[in-house]
Amino acid sequence: MSENKVSQRRFSPRLGSNLRIVSSYAILTLGALAVLFPLYMTIVSSLLTAKQFGDTPPDFFPPTPQWSAYSNAFFSGHMWHYLFNSLQQTVEIVMGASITTVLAAWAFATYSFPFKRILWTIVLSTLLIPFEVTIITNFQTVNSLHLYGTMWALSVPFMVSAFGIFLLRQAFLGIPREMREAATLDGQGSMGFLWRVALPLVRPQLAAFMVISALGAWNSYLWPLLLTTNSTTNRTIQIGLKALNAGTIQGFNVVLAGSVIAAVPMILIMIFFNKQLVRSLTGGALK
Amino acid sequence: MTRRSVRIRQSVGAYALIAPALTLISVFIIYPFLRNFKLALYAIPPFPGLPSKWLGIHQFTTTVTSDVFLNSLQATLLYTAMVVPLGVFAGLVLAVTAHQKLRGMAIYRVIFSTTAVSSVAVAATIFGTLLNPVNGLLPWFGINVNPPFLQNTTWALPAMAIIGIWEFMGLSFLLFSAGLQSLPEEVMEAALVDGASPVRRFFRVTIPMLSPTIFYALAVGTIAAMYTFGQMDVLIGTGSTTYTNTDTLAYLIYQSVTVQPNAGVAACISIALFGITSLITFLQFRFLERRVHYVGE
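On a predicted model such as this, the values are computed, not experimentally measured, just so you know.

**Some points on the overall build of chain B**
The secondary structure content of chain B amounts to 14 helices and 2 strands. Here chain B has a C-alpha radius of gyration of 24 Å; the compact-globule value for 297 residues is 19 Å, and the former is much larger. Long-range contacts, defined as pairs at least 24 residues apart, comprise 70% of the intrachain contacts of chain B with a sequence gap of at least 6. Accessible surface for chain B amounts to roughly 14300 Å². Of this, 66% is attributable to carbon and sulfur atoms. Looking at chain B, you have 16 positive and 10 negative side-chain charges, and the mean spots of the two groups are 13 Å apart.

Structural data, given as structure tokens:
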């Protein structure tokens, strides 16, 4: 402890160190303002009346918070309905993708079968194909599968993830081979071992995958936009927000209330599952 | 059981396990990707059911040399050139600054991560309101642009880029934070002991040490930026894009699927966008990866 203090004093002169601390906080606060100021103004403005919203100078604090913009967004703007659509889409994608991904990752990690190498290469190479360049045919495919107009059309194409298979296969490969062999000797089948031993062991990676999968589903824009341009029943919250922007309901405060409604669930996920989120977002970055 | 029958049983089991994932990947990723190449060679019949007309490479060359395509390509590249370097730089500076044993860093981390979880529709809505010529903040700051930002040939694309930077900053920050945490502390301490100034340390030690992460952030950011169109759709829309020059290539694909359906043209643009993005990624690998300094190699 005392040694630490001595070395600090020796190598960073007091003045320089203070300057460093002050400038560090200055940089961080500037960055935080760039992030928070737009968010703060959004929340404040959503609590203003439509008339107050045009005030000069702008209100940086709501004089008397008005919640009517939220009820307008929820009911007249159907955000309530869209919120449940988004929830359904997200749950379907997370559950579906987790199942297909876990099974495939388990097979690639522990089974030997013909064409394994080439199939693995194919799975990995699909990571390079962005969704945007597949929409022409996918749009026709959901039509010909008679999925158009159903909630399944929004979720089925995303019920698999090459990234997830990659992530979970790595995790499964980390489980010692001896454990599996011992379980086999005890008469436990491969599926029993996966369910009772392997899955609990890779829970951190599975959780990370589920969080990133939920984030992608909730925030997805292109596919729900394509599918719900003409029908409003299956709109997700993001497309509902776009519709609010297009101005069928008057008032910027309503649009901003809508953006708060659309943003809050993922901000909650970020706060409660921060570790999983960071792990999944940065998963590919570290060697 | 013979060894052979065990092997067969194992193979059957493995195929049963990968079947759901492989089916979905084939139907929704591989098939539609490959079908682009077929679609690009044919003209779509005026009425469904009529045979498609073979056009060969002609349709592709006409599409990629058209003014619409070239304008979009320019918008896409300009947008990427604005978003990626600034987003990477902002994330890098914030992550390096937050990577100190100072009070309150945890709060800053949470704040910076916020933009990584914001959807494009949310970010576009927020900035669209701030930039609004009547009710936004700009008139109060005394900034008046005519025509307003979102209808302005010069300013519409930079406005879209601000939204992109704001969104990318969070991910970029997270990537660099993770990168910094994985660095051996001795090197940083050695530089500190040497008495190198913070700016010198940043350029001589931190940046070389972080070069794999910088490279990764550039690659990921470039791919994401090249396929952007969300904020253009929310704030500008298909109607007015002709004079704001904010139709990115991804937006052209979207439009040729719904607004003016033409699968052949859409396929040509998809192939071109995919090819150009892959080329940029390849060049980044070719010329930047050489400069990447992997710790411990």
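We are not done yet, so read on.
**A look at the overall build of chain A**
In terms of regular secondary structure, chain A is built from 15 helices and 0 strands. Computed over the C-alpha atoms, the radius of gyration of chain A is 25 Å, more than 25% above the 19 Å expected from 2.2 N^0.38 for a compact globule of 287 residues. Residue burial in chain A is summarised as follows: out of 287 residues, 49% are buried. Considering only residue pairs separated by 6 or more positions, chain A has 71% of its internal contacts joining residues 24 or more positions apart. Within the structure as shown, chain A displays about 14400 Å² of accessible surface, and the carbon and sulfur contribution to it stands at 66%. Charged side chains in chain A number 18 positive and 8 negative. The centres of these two groups are separated by 7 Å.

**Re the interface of chain B and chain A**
Contacts between chain B and chain A engage 82 residues on the former and 88 residues on the latter. Between chain B and chain A, the buried area comes to about 7600 Å², and carbon and sulfur atoms account for 77% of it. At the junction of chain B and chain A, the tally comes to 1 salt bridge. Counting across the interface, chain B meets chain A through 16 residue pairs in polar contact (both at pLDDT 80 or more).

**Overview of the packing of aromatic side chains**
The relation between two aromatic rings is expressed through the spacing of the ring centres and the mutual angle of the planes. Here the structure, examined in full by the defined rule, presents 26 aromatic pairs over all chains. Taken together, a centroid distance of 6.0 Å and an interplanar angle of 90 degrees make the contact between A:F139 and A:Y148 edge-to-face. Ring pairing ties together the aromatic residues A:Y25, B:Y108, B:F112 and B:F173, which thus form one cluster. Positioned above the aromatic ring of B:Y42 is the side chain of B:K38, whose terminal nitrogen or guanidinium carbon lies 6.0 Å from the ring centre.

**Thoughts on empty space enclosed by the protein**
A complete count under the given rule lists 2 cavities of 30 Å³ or more for this structure. For the largest cavity, the calculated volume is near 140 Å³. Lining the largest cavity are 16 residues, and of these A:M41, A:S45, A:F53, B:N135 and B:L137 lie nearest its centre. Among the elements of the structure, α2 (14-46) of chain A together with α5 (120-130) of chain B are those that each provide at least two residues to the lining of the largest cavity. Across the lining of the largest cavity, the residue classes tally to 8 nonpolar, 6 polar and 2 charged. Of the pockets and cavities examined, the second largest cavity occupies roughly 30 Å³. Lining of the second largest cavity is provided by A:G149, A:T150, A:A153, A:L154, A:L227, A:T228, A:S231 and A:N234. Residue composition of the lining of the second largest cavity, grouped by class: 3 nonpolar, 5 polar and no charged.

**Some thoughts on the packing of helix α4 (residues 79-110) of chain A against helix α11 (residues 203-219) of chain A**
All names here are of chain A. Closest axis-to-axis distance for the α4/α11 pair is 9 Å, and the angle between their directions is 140 degrees. Considering their axes alone, α4 and α11 lie oblique with respect to each other. The way α4 lies across α11 gives a crossing that is right-handed. Here α4 contributes L83, S86, L87, Q89, T90, I93, V94, A97, S98, T101 and V102 to the contact with α11, which in turn contributes L206, F209, M210, S213, A214, A217 and W218. Residue composition of the contact of α4 with α11, by class: 12 nonpolar, 6 polar and no charged.

**Section: the pattern of salt bridges**
Tallying each qualifying case throughout the model produces 2 salt bridges over all chains. Among the salt bridges present, the one from A:K242 reaches B:D233, with a minimum N-O distance of 3.1 Å. Of the two residues, A:K242 is situated in helix α13 (residues 237-246) and B:D233 in helix α11 (residues 230-235); the pairing between them involves two chains.

**Examining the side chain of A:N219**
Along the chain, A:N219 turns up in helix α11. By relative accessible area, A:N219 is classed as buried at 14%. Apart from residues lying up to four places away in sequence, A:N219 is in contact with A:Q238, A:M266, B:V117, B:S118 and B:S119.

**Remarks on the confidence of the model for chain B**
All names here are of chain B. Looking at chain B, the pLDDT average stands at 88 and 96% of residues meet or exceed 70. Mean pLDDT across the elements of chain B bottoms out in helix α12 (residues 241-244) (68) and peaks in helix α3 (residues 67-98) (95). Interface predicted TM-score (ipTM) for the complex: 0.89; the corresponding pTM is 0.90.

**Observations concerning the confidence of the model for chain A**
Detail in the predicted coordinates should be disregarded across regions flagged by low pLDDT. With 92% of its residues at a pLDDT of 70 or more, chain A has an overall mean of 88. Every residue in residues 1-13 of chain A scores below 50 in pLDDT, and together they form 2 contacts with partners more than four places removed in sequence or on other chains.

Calculation rules
- Residues numbered from 1 in each chain as written.
- Chains lettered and ligands numbered in written order.
- Predicted model: local features only at pLDDT ≥ 70, side-chain atom pairs only at ≥ 80, totals over all residues.
- Heavy atoms only, no water.
- Helix = DSSP H or I, 4+ residues; strand = E, 2+ residues; numbered from the N terminus.
- Rg over C-alpha atoms; globule rule 2.2 N^0.38 Å.
- Contact = heavy atoms within 4.5 Å.
- Areas by Shrake-Rupley, 256 points an atom, 1.4 Å probe, with all protein chains shown as cover.
- Lys, Arg positive; Asp, Glu negative; His and termini not counted.
- Charge placed at Lys NZ, Arg CZ, Asp CG, Glu CD.
- Buried < 20%, exposed > 50% of the residue type's maximum accessible area, 1.4 Å probe, protein only.
- Buried area = accessible area lost by both parts, 1.4 Å probe.
- Salt bridge = Lys/Arg side-chain N within 4 Å of Asp/Glu carboxyl O.
- Polar contact = N/O pair within 3.5 Å; in protein donor to acceptor, adjacent residues only side chain to side chain.
- Phe/Tyr/Trp six-rings, centres within 6.5 Å; stacked < 30°, edge-to-face > 60°.
- Lys NZ or Arg CZ within 6 Å of the ring centre and 35° of its normal.
- 1 Å grid on protein atoms, 1.4 Å probe; cavity = no way out; pocket = protein on both sides within 12 Å on 5 of 7 lines; lining within 4 Å.
- Points joined across faces, edges and corners; volume = space filled by probe spheres on them.
- Nonpolar A, V, L, I, M, F, W, Y, C, P; charged D, E, K, R; others polar.
- Axes fitted to C-alpha atoms, helices over the stretch in contact; angles between N-to-C directions.
- Parallel < 35°, antiparallel > 145°, perpendicular 65-115°, else oblique.
- Left-handed = near helix turned anticlockwise from the far one by under 90°.
- pLDDT = per-residue confidence, 0-100.

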